[in-house]
Structures are given as C-alpha cells and as structure tokens.
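# Coordinate inspection notes
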Amino acid sequence: MSIELESPPHVVLWGVAKPPHAPSSSGFCQKLETFLRFSGISYEVGETVPMKAPKGKVPFADIKHDKKTVTVADSHFIIRYLIENRLIKDPDTVAGLTSVQKGESRAWQAYIEELLYSAIVRDRWYIDENYTVTTKEIFGSMAWPVRPIISWYFRRRVMNSIWNAGMGRHSQEEAQSLQREAFEALEARMSGHLYFHDSERPTSIDLIIYAFLANTLATSGNPYWTDMVLRSRTLLAFTKRMTTLLFPEYELLLHRIEEADGLN
C-alpha cells in the first residue's frame, strides 16, 4: 500500500517581467517576493500582465497547500492569507511587537505605499525623460513596432490610475515635495537603528521599506528620489544590509550602493 506524501506549500508569484538578478520594476511585486524570501517558503516568479490579473493589477499569487491551489490578489492580502493559514510566520509576532508598534508599522506602510510610491511612480510616467528611461528598462527587449505601442498603452493606463488616485492632479513640484517630506521622515526614523523597531531581526515594516528602496534604486526612471537616497548613509546602509541578507544575487544594486557610499 503506497502512501501519498503531501507536498510542501508553494507559491507562484505572478507579476511583471523581472530582470535576472535584480529587483522587480513593480514595488508591490518586490514587496511580496521580499516577504516570501524572508519567510523561507518555496516560491517561484511567473510573468504576466495586469489585464490578466483578478483585480486588474499585479501581483497575484497561486498558493498551493493542503492539496489545493488558491488564487489570491494584492500583495497585502496574499501575505495575510499566508500568515492566517500558517504557511509563513508573522514577522511582527516573532519579533514580539506590541499593539502600538504594529499600529505604527501599519501607518508607515500606508504612507509608503499609498503616498510616497505613488509620487515616485508619477515621476516615472509623467516626466518625458523618465518615461523614456522607464519604458526602455521594462520593454527594451520587445521588438519594434510592438515596444512603442505597449509603452504608450501602459503610460496611458498608469497616468489614468495616478490621476484617479489624486497624485496626478498635483504639479511636478508638489509631487516631488511629497517625496522629499517622506525621505526626510524616513531617514530620521531609521537613523541610529538597524531595524525600524530596534528588533533583533526584520519585522514587516522593514521588509516593506526595503522592498520599495530596492525597487526605486534599481531603476534610473526616478532620479529625484534616487539622488536623495544615494546621499543618505542611513538608508544606504539599511538597503545594503537587507540586500546582503535576502538577495545577495542583486549584484548591480549592491555595486550601486557601495559606489554611492564611497562618495558620501
């Protein structure tokens, strides 16, 4: 009599095309992969487009466990599903965070994801020079004439989304002032700390901060934000520490950090 062994949990992260040995061009895809890598769960990255996603945006995930496959959309709800079904451990619970600390983390998460990243993405797609760089990085491998058509389509789609969310209604100067405010707040909050809450290991907010720093430092499409971060010893040291811990294969990112650190 043969006994069928149950396969360990496995996650297929569906997101935009990702360059080899580099962060995703999507901050939210990078956020999810950062949680998956930190947790140690088995996972793989698959390529798709937002139009095929359940909510019309990436990432989404096929989560295989207990002899079933469940599709969950949105990085926040994917992570929550994994924790609630005990497929990964909650970094905040492991670190023993208090309710107040968890509340602070959630507030910073919203600040980074809903305001800061939106302002950065606005720069990538609204400013013509940045748009040219961004589309070359993302769609550069596509053949002519498909590349300009796809680039135009995604620019229109992203700009409409940013406009509807409110960030696109601000001037470039106003949007960049929001980036500077966030940079100054984040640098001040992380100064003198290995991790956000002075814990012995990263918590959820550390993974989120790292994911968006890695995403924005790996592109040349958001120079206003990048120039500030590359002058910050605090944020460079944090990003280097987290990259070495979780993604040592990001050699170009590590090189960029070390090069900038040598100039500070």
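What you see is a predicted model; the values in this text were computed from it and never measured.

Okay, the overall build of the protein next. The secondary structure content of the protein amounts to eleven helices and four strands. In terms of overall size, the protein behaves like a compact globule, its C-alpha atoms giving a radius of gyration of 19 Å where 264 residues would be expected to give roughly 18 Å. Each of the 264 residues in the protein was classed as buried or not, and the buried ones make up 48%. Considering only contacts in the protein between residues 6 or more positions apart, those separated by 24 or more positions represent 67%. Accessible surface, the protein as shown: approximately 13,700 Å² in total, 54% of it carbon and sulfur. Seen as two clouds, the 30 positive and the 32 negative side-chain charges of the protein have centres 4 Å apart.

We now examine the packing of aromatic side chains. Enumeration according to the criterion identifies twelve aromatic pairs in this entry. With 6.0 Å between their ring centres and 55 degrees between their planes, W125 and Y131 make a pair best called tilted. Note on Y153 and F154: the rings are 5.5 Å apart at their centroids and 85 degrees apart in plane angle, and the pair reads as edge-to-face. A relative accessible area of 32% places Y153 in the partly exposed class. Exposure remark for F154: the relative accessible area of 13% places this residue in the buried category. An aromatic cluster is present here, built from F28, Y117 and F212 joined pairwise through their rings. Of note, R189 hangs over the ring of F196, and the distance from its end group to the ring centre comes to 3.9 Å.

Here is what the cut-offs are and how they apply
Residues numbered from 1 in each chain as written. Predicted model: local features only at pLDDT ≥ 70, side-chain atom pairs only at ≥ 80, totals over all residues. Heavy atoms only, no water. Helix = DSSP H or I, 4+ residues; strand = E, 2+ residues; numbered from the N terminus. Rg over C-alpha atoms; globule rule 2.2 N^0.38 Å. Buried < 20%, exposed > 50% of the residue type's maximum accessible area, 1.4 Å probe, protein only. Contact = heavy atoms within 4.5 Å. Areas by Shrake-Rupley, 256 points an atom, 1.4 Å probe, with all protein chains shown as cover. Lys, Arg positive; Asp, Glu negative; His and termini not counted. Charge placed at Lys NZ, Arg CZ, Asp CG, Glu CD. Phe/Tyr/Trp six-rings, centres within 6.5 Å; stacked < 30°, edge-to-face > 60°. Lys NZ or Arg CZ within 6 Å of the ring centre and 35° of its normal.

As far as function goes, none of this settles anything; it's purely spatial.
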